[in-house]
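Listed below, chain by chain, are the residues.
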Amino acid sequence: MTAAPLRLGVNIDHVATVRNARGGTNPDPVEAALLALKAGADGITAHLREDRRHIRDEDLARLRAEIRAPLNMEMAATDEMVAIARDIRPHACCIVPERREEVTTEGGLDVAGQADWLGPVVRALSSKGIRVSLFIDPAPLQIEAAAAIEAAVVELHTGAYAEGMDGELARLKVAAAQAAALGLEVHAGHGLSFGNVAPVAAIPEIVELNIGHFLIGQAIFDGLAPTIQEMRRLMTAARSA
């Protein structure tokens, strides 16, 4: 099949992590978002966690007001987050599992086991014109459940692939094909870097990669704009190979 164009969403959470480590206003995640877009990002992702460990409510409001590109709000499926999203109205919301004690998101949603809970969340967000994505492991049952509750998008969790687990690239390929066949838009992300992005970028059904931690970390050495430009180069090369 002919591969669709591949978008890059840049997650700016960890710019806010550095800011919050000392307090104050620097570095500014909104400034980072604007720079990322100028460097070639197609959209911005920001995770408003329940404990506000990095992105804050005012960051999200400023992002919505100041960037002229799709804003993807990562969020837990809670009443508080649904209310905030319905008020802010980002382009998209990616629903992720969230535990306060975790360092970062550790796995995908159990959509199949929580459909009665997640279905109303999907409908509440969709009714405000928000595209709803579900962050899931590349498992057939979860993909079927995501389609059944009428999510627009699935984002395949690439964490196990990034950790080098056997068979994970094959699982991602099968999952992406299944999701696309069910009418779902397919995204992917978690743990992607210069060294491992190419095989995922080459999967033709995947239309967006969301990458954050690696880009912000590498930017300490290379600068944010050159880091994003190199990621785009690698993605484009893999897509066109």
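A quick note: this is a predicted structure, and the numbers were derived from the prediction, not measured.

## What to know about the UniProt feature "binding site: 3-amino-2-oxopropyl phosphate" (unreviewed entry) in the protein
As annotated in UniProt, the feature "binding site: 3-amino-2-oxopropyl phosphate" (unreviewed entry) corresponds to Asn-11, Arg-22, Gly-191, Gly-212 and His-213 in the numbering used here. On the basis of their most widely separated C-alpha atoms, the annotated residues across 203 residues do not gather in one place, lying as much as 25.7 Å apart. Its location among the elements puts Asn-11 in strand 1 (residues 7-11). With a relative accessible area of 11%, Asn-11 lands in the buried category. Excluding residues that lie within four positions of it along the chain, Asn-11 makes contacts with Thr-45, Glu-74, Ile-211, Gly-212 and Ile-216. A polar atom in the side chain of Asn-11 sits 2.8 Å from the backbone nitrogen of Asp-13. Within the secondary structure, Arg-22 sits in helix 1 (residues 13-22). For Arg-22, a relative accessible area of 80% corresponds to the exposed category.

## What to know about the sheet that holds strand 3 (residues 71-75)
By way of backbone hydrogen bonds, the strands of a sheet pair with one another, either parallel or antiparallel. The sheet built from eight strands closes into a barrel, its strands ordered 1-2-3-4-5-6-7-8 with parallel pairing. On average, adjacent strands in this sheet sit at an angle of 25 degrees to one another, irrespective of strand direction. The sheet contact formed by strand 7 (residues 185-189) and strand 8 (residues 206-211) spans four bridges and is parallel. By the bridge assignment for strand 8, Val-186 is matched with Ile-206. Sheet strands touched by helix 8 (residues 168-181): strand 6 (153-157), strand 7 and strand 8. Its angle to strand 6, the strand with the most contacts, is close to 175 degrees.

Conventions and cut-offs
Residues numbered from 1 in each chain as written. Predicted model: local features only at pLDDT ≥ 70, side-chain atom pairs only at ≥ 80, totals over all residues. Heavy atoms only, no water. UniProt positions renumbered as here; feature names shortened; annotations may be inferred. Helix = DSSP H or I, 4+ residues; strand = E, 2+ residues; numbered from the N terminus. Buried < 20%, exposed > 50% of the residue type's maximum accessible area, 1.4 Å probe, protein only. Contact = heavy atoms within 4.5 Å. Polar contact = N/O pair within 3.5 Å; in protein donor to acceptor, adjacent residues only side chain to side chain. Pairing = 2+ DSSP bridges. Axes fitted to C-alpha atoms, helices over the stretch in contact; angles between N-to-C directions.

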